[in-house]
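Breakdown of the fold
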Amino acid sequence: LVYDFANCPGLPSYVSQPWMYPGEPNVSTDDTKFSDYFGGVDQGDTTLVTFYDRTANNGAGACYWYDTQTGMVGGTNMSPTPVANQVGQLPPPPAPVVTPNPGSGSLPAGTYYVKITAVTRSNPADGETTPSPEEGPIYLSAPGSLTVTLPSQLSNSSELAMEGSGCDPYNNSLSGCTPFNVYIGTAPGGETLQNTQGPVGGAYLQTNPLVANSASPPSQSTAGYNVHGARLSRDGSYLRVDNQESQTVFFWQPGTNQVTTCLFIANSCGGHMALGYSHLINDPNDNDMAEVVIRPLSNLGSFTELVNPLPTPPQFTGSHWTWNDDNPSDTMPVCGSFYAGASAGQGDGTLSLLTNPLLQITAVYDREIVCVATTGPSKVWRFAHTRASTAWNADAVETSNFWATPRGNVSQDGKFYMFTSDWEWSLGDEQGTSGCPFSGECRTDVFIVELH
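Now for a look at the structure at hand. If you're wondering where the values come from, they're calculated on a predicted model, not measured in any experiment. Just so you know, the residues in each chain are numbered from 1, in the order the chain's sequence is written. Only residues with pLDDT of 70 or above have their local features reported here, since the model is predicted, and side-chain atom pairs are shown and tallied only from 80 upward, although totals for entire chains, interfaces and linings are computed over all residues. To get the side-chain values, take all heavy atoms of the structure and skip hydrogens and water.

So, about the overall build of the chain. Numbering goes from the N terminus for both helices and strands, where a helix is a DSSP run of H or I of at least four residues and a strand is a run of E of at least two. Assigned secondary structure in the chain consists of zero helices and 29 strands. By its C-alpha atoms, the chain is 85 × 60 × 45 Å across when sized along the principal axes. For every residue, the accessible area obtained with a 1.4 Å probe (protein chains only) is divided by the maximum for its type, and the residue is called buried under 20%, exposed over 50%, and partly exposed between those limits. For the chain, the proportion of its 452 residues judged to be buried stands at 50%. Carbon and sulfur atoms make up 51% of the accessible area of the chain, which totals about 19400 Å². In the chain, 15 positive and 41 negative side-chain charges are present, and the distance between their average locations comes to 7 Å. Using a 1.4 Å probe, the Shrake-Rupley method yields the accessible areas, and only the shown protein chains count as cover for residues. The charge count treats Lys and Arg as positive and Asp and Glu as negative. His and the chain ends do not count. To locate a charge, the coordinates of NZ of Lys, CZ of Arg, CG of Asp or CD of Glu are taken.

Structure representation (structure tokens):
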């Protein structure tokens, strides 16, 4: 046993029974720092990211955690602390506009105060922001009602997104979304919950006396994000946290409350990534999948293109990258494999290279294993063809076989690359199925190519 993250000081509660998604343990190059992510029953449900340094505290070790749902961090000798600047948390909405309507309901005459919160749709539980600024006092001169006009949008300060019902609080396409809770009280700070899921750009009408003994606005936000995956930089100084719900990647410095972001669109931070010691490599996933870039973790908005000029025609296939061979100066090549993306579609049930779209080569690096120089002039080494079809059989849909989309890893000495492939349906049937290569599920195996 290296460390049991359940013992991390102050760790928030999480799903543990009957099944918990185990995440993906990760380790620094020198085997001294470890990370994991968990807290839900499936990938994408998890909200806890953990980090352990076995050399800290004069060898006694130190553990730290980051709760992405609440935006809190804590751990060894670190009391629970909010992430700086509430990074990763949907900010509270603006104050509503409240109009008194005497004579149009049974709400007693008097003075009222109103706050609202925004609700996010996510797993394992819906989240809620901290409340808006208080609106009031509002004077109702006679029994009647209050019209609470809700904001027409939430925020465009980041790219966090609400999951479910097509609701995205960071754009203007919010028709049908109901993300606001309304809290009303008769004294400043005394608001309680009166309505849930008010519509964006709509209004809530309080016509009846206030509901007694209902909930107060939350003092801590739970409007964060769920984790798709988390990986350490090679030296363990940064932990990259991939957001399940939107187009933002977060970078946490364990042991601190410092979290920075890299946005898919604004910072070209999309696509699959590989972490070095102090740099990040990714394919921006916008103009061309061969557009591999490198950027410093200390300045995520700045990047350099590693493939220049880009080959023609543009490469719109999938790609995965690995930098296990990297050195502390981040100068070793990064390696990866390309595979057919969403362009091939349906196979034609044959093994013909001429007619089956699943086997046709349409771009320079299509289904190839390559390495790319990270320093000096632009250079790409083309080593091998993966022979990976991405489909269960010759008549199946592209990318139907996850393991035949060749995700690979380069060895730490940079001499070998290991990947999975179905070798164009030539390996026979998967156990428990039949009909390969023309139906059923064809087998995938692990292959290794020598890089020289």
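Take the pattern of salt bridges next. What makes a salt bridge here is a side-chain nitrogen of Lys or Arg within 4 Å of a carboxyl oxygen of Asp or Glu, nothing more. In this structure the tally under the stated criterion is six salt bridges. In this structure, R240 engages D242 in a salt bridge whose closest nitrogen and oxygen atoms are separated by 2.9 Å. Exposure class is identical for R240 and D242. Each is buried. Note that R387 is salt-bridged to E424, the shortest N-O span being 2.9 Å. Taken together, the residues R387 in the loop between β26 (380-385) and β27 (408-410) and E424 in the loop between β28 (416-421) and β29 (445-450) connect sequence positions 37 residues apart. The partly exposed category is assigned to R387, whose relative accessible area is 30%.

Moving on to a nonpolar patch on the surface. Like charges are joined within 9 Å and nonpolar side chains (Val, Leu, Ile, Met, Phe, Trp, Tyr) within 5 Å, but only among residues with over 30% relative accessible area and no salt bridge; these make up the patches. On the surface, a nonpolar cluster with roughly 380 Å² of combined accessible area is contributed by F416, M418, V446 and I448. For the nonpolar patch, the secondary structure elements donating two or more residues are β28 and β29. With relative accessibility at 41%, the residue M418 sits in the partly exposed group.

Within strand β4 (residues 62-67), six of the six residues are buried, leaving the element largely enclosed by the surrounding structure. Examined bridge by bridge, strand β3 (residues 48-53) and β4 share six bridges and lie antiparallel to one another. Within β4, the residue paired with V49 across the bridge is Y66. Judged from the four bridges that link them, β4 and strand β5 (residues 72-75) form a sheet pairing that is antiparallel. Paired with Y66 across the strands is V73, a residue of β5. Hairpin geometry of β4 and β5 is characterised by an intervening segment of four residues between the two adjacent antiparallel strands and by a positive phi of about 70 degrees at G71. Strands qualify as paired when DSSP identifies two bridges or more between them.

Take the packing of aromatic side chains next. Whether two aromatic rings pair depends on their centres lying within 6.5 Å, for rings of Phe, Tyr and Trp, where Trp uses its six-membered ring; planes under 30 degrees apart make the pair stacked, over 60 edge-to-face, and the rest tilted. Enumeration according to the criterion identifies 13 aromatic pairs in this entry. One aromatic cluster is present, formed by Y66, Y225, F250 and W252 through successive ring pairs. Cation placement over rings: the criterion is NZ of Lys or CZ of Arg within 6 Å of the ring centroid and within 35° of the ring normal. Residue placement shows R407 over the ring face of F402; its charged tip is 3.9 Å from the ring centre.

This next bit is on the sheet that holds strand β7 (residues 97-107). In space, the three strands of this open sheet follow the order β7-β11-β14, with antiparallel pairing throughout. What marks the edges here is a single partner per strand, and that holds for β7 and β14 (203-206). Within the sheet, the average angular offset between the axes of one strand and its neighbour, ignoring direction, is 20 degrees. Bridge count for strand β11 (residues 144-149) against β14 is four bridges, and the pairing is antiparallel. Only the stretch in contact is used when fitting a helix axis, every axis being a line fitted to C-alpha atoms; angles between N-to-C directions are given from 0 to 180 degrees.

A few words on the layout of surface pockets. Think of a ball as big as a water molecule: rolled over the atoms, this probe shows where empty space is left. Think of a 1 Å grid over the protein atoms and nothing else: a 1.4 Å probe that fits but is trapped marks a cavity, an open set flanked by protein within 12 Å on at least five of seven lines marks a pocket, and residues with an atom within 4 Å of a point count as lining. Grid points are joined across faces, edges and corners, and a volume is the space filled by probe spheres set on the points. By volume, the largest pocket is sized at about 1400 Å³. Taken together, 50 residues make up the lining of the largest pocket; nearest its centre are E24, R231, R240, M273 and H320. Among the elements that make up the lining of the largest pocket, the one with the highest residue count is strand β15 (residues 227-232) (five residues). Here the residues of the lining of the largest pocket sort into 20 nonpolar, 22 polar and eight charged. Ten residue types, Ala, Val, Leu, Ile, Met, Phe, Trp, Tyr, Cys and Pro, are classed as nonpolar, four, Asp, Glu, Lys and Arg, as charged, and the remainder, Gly among them, as polar.

Looking now at the environment of G40. Looking at the element boundaries, G40 is found in the loop between β2 (33-38) and β3. On the basis of relative accessibility, which here comes to 0%, the residue G40 falls in the buried class. The spacing of G40 and P22 is 18 residues in sequence and 8.7 Å in space, taken between C-alpha atoms.

Right, let's talk about the nonpolar core for a bit. Ranked by internal contacts, the top residues of the largest apolar core, which has 21 residues, are V49, Y66, L239, V241, W252 and V259. Contributions of two or more residues to this core are made by β3, β4, β15, β16 (239-243) and β17 (248-252). Any pair of residues with heavy atoms lying within 4.5 Å of one another is described as a contacting pair. Residues within four places of V259 in sequence aside, it is in contact with Y66, V83, V87, F250, F251 and W252. Here, nonpolar core means buried Ala, Val, Leu, Ile, Met, Phe, Trp, Tyr and Cys residues that are tied together by side-chain atoms lying within 4.5 Å of each other. Among the nonpolar cores identified, the runner-up in size contains 18 residues, and L90, Y112, Y204 and A223 belong to it.

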